[in-house]
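# Per-entry structural report
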Amino acid sequence: MNKKVDDSWLKSPLFFVFLSGLGFSLQAVVLKTFTKGDDDSRGGGGSEGIGVFPVVIFRGIVQSIASLVILQNNGVPLTPATLFGETARMRLLLFARSSFGFVGIGFAFTAIQLIPIGSATTLVMISPLISSILSWIFLNESISKHTLFAMPVTFVGVVLIVQPEFIFGSPGGDEKMSLTGILFAIIASVGAGFAYVTIRILGTSMKRHWCVVTLSQALGQVFYGAIVITVILLSATTAEGKR
């Protein structure tokens, strides 16, 4: 008699977290590949260009289309109330989700341009621990013993990656990482941590379809990404005119 294969792990939340981390790592590799020319042409100063933010906008457009298609196929009415919330609180949470989501993606992608991809990805991926702390503060959720143990371990890992000069001394040559890139990666992890908290609220007490939540993030990427590009272009034009 054939035993049924246990595939319950495929529906485990931890498996989805693993897929999320894998997906972000693949995005990081693709981003680094496509923007490497921008970095080289500026001597590594990728943050001065708009190379990252067109990628963010394109990501948002693709994610928006995919979210709308899935909602349509699941029979969810594509009405303003459904997509953007029926109440002021729900609209505020969706707005917060899109804003924090953009902070997480925009700063993470910029950090990937400025520091080694492994270091940037590792720093960004401390966001689940940050979300645990935020959930404890804002949602009164308990923190497990495993998470409490992981917090100091994570802090040590961050120190080993950042290697502050007052501990490790001043590295020579090109070994020193960009402090701006490190800061951007940490900001990205905090933004993602806040985004996870809003997702928790929207998915539980608000009972929003998960694609409505991803749609709000995607629209935020397009909207905020366009604003950032406009500001960068206007700043570059103004600087060029003063020469």
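Parameters at a glance
- Residues numbered from 1 in each chain as written.
- Predicted model: local features only at pLDDT ≥ 70, side-chain atom pairs only at ≥ 80, totals over all residues.
- Heavy atoms only, no water.
- Helix = DSSP H or I, 4+ residues; strand = E, 2+ residues; numbered from the N terminus.
- Buried < 20%, exposed > 50% of the residue type's maximum accessible area, 1.4 Å probe, protein only.
- Contact = heavy atoms within 4.5 Å.
- Areas by Shrake-Rupley, 256 points an atom, 1.4 Å probe, with all protein chains shown as cover.
- Patch = residues over 30% accessible without salt bridge, like charges linked within 9 Å, V, L, I, M, F, W, Y side chains within 5 Å.
- Salt bridge = Lys/Arg side-chain N within 4 Å of Asp/Glu carboxyl O.
- Phe/Tyr/Trp six-rings, centres within 6.5 Å; stacked < 30°, edge-to-face > 60°.
- Core = buried A, V, L, I, M, F, W, Y, C linked by side-chain atoms within 4.5 Å.
- Axes fitted to C-alpha atoms, helices over the stretch in contact; angles between N-to-C directions.
- Parallel < 35°, antiparallel > 145°, perpendicular 65-115°, else oblique.
- Left-handed = near helix turned anticlockwise from the far one by under 90°.
- Nonpolar A, V, L, I, M, F, W, Y, C, P; charged D, E, K, R; others polar.

## Quick look at the overall build of the protein
When helices and strands are tallied, the protein shows ten helices and zero strands. Classification of the 243 residues of the protein by burial places 38% in the buried group. Residue pairs in contact within the protein that sit at least 24 positions apart in sequence constitute 81% of those at least 6 positions apart. Counting every atom, the protein has about 14,600 Å² of accessible surface; 69% of that belongs to carbon and sulfur.

## Describing unusual backbone geometry
Even without being a glycine, N140 presents a positive backbone phi close to 60°. The residue N140 is located in the loop between helix 6 (127–138) and helix 7 (145–162) in this model. Although it is not a glycine, K207 sits at a positive phi angle of roughly 55°. Looking at the element boundaries, K207 is found in the loop between helix 9 (179–203) and helix 10 (210–241).

## Overview of a nonpolar patch on the surface
Taken together, the side chains of F16, F18, L19, L22 and L26 present a nonpolar region at the surface, about 490 Å² in accessible area. Examined against the element boundaries, F18 turns out to sit in helix 1 (residues 13–41). For F18, a relative accessible area of 48% corresponds to the partly exposed category.

## Concerning the packing of aromatic side chains
The geometry of an aromatic ring pair is captured by the separation of the ring centres together with the interplanar angle, meaning the angle of the planes. Inspection of every chain in the model, using the stated rule, returns six aromatic pairs. Seen in terms of ring centroids, F107 and F184 are 5.0 Å apart; in terms of plane orientation they differ by 85°. Their pairing is edge-to-face. Of this pair, F107 sits in helix 4 (residues 88–114) while F184 sits in helix 9, placing them 77 residues apart in sequence. Under the relative-accessibility criterion, F184 is labelled buried at 19%. Three or more aromatic residues joined by ring pairs make a cluster, and in this case those are F53, F102, F223 and Y224.

## Quick word on the nonpolar core
Generally speaking, nonpolar side chains in soluble globular proteins are found buried as a group. Counting residues in each nonpolar core, the largest one holds 45 residues, and the members touching the most others are F53, V56, F109, I112 and L123. Where this core is concerned, the elements lending two or more residues are helix 1, helix 2 (52–73), helix 4, helix 5 (117–124), helix 6, helix 7, helix 9 and helix 10. Sort the elements by how many residues they give to this core and helix 4 lands first, with ten residues. Among residues more than four places away in sequence, those in contact with L123 are I115, V158, I161, V162, I182, A185 and S189.

## Brief notes about the packing of helix 6 against helix 7
Put simply, helix 6 and helix 7 touch, their axes get as near as 10 Å, and they point 130° apart. Relative to helix 7, the element helix 6 lies oblique. Both helix 6 and helix 7 take part in a crossing whose hand is left-handed. Within the contact between the two elements, helix 6 uses L129, S132 and I133 and helix 7 uses T147, A150, M151 and T154. Taken together, the residues that form the contact of helix 6 with helix 7 break down as four nonpolar, three polar and no charged.

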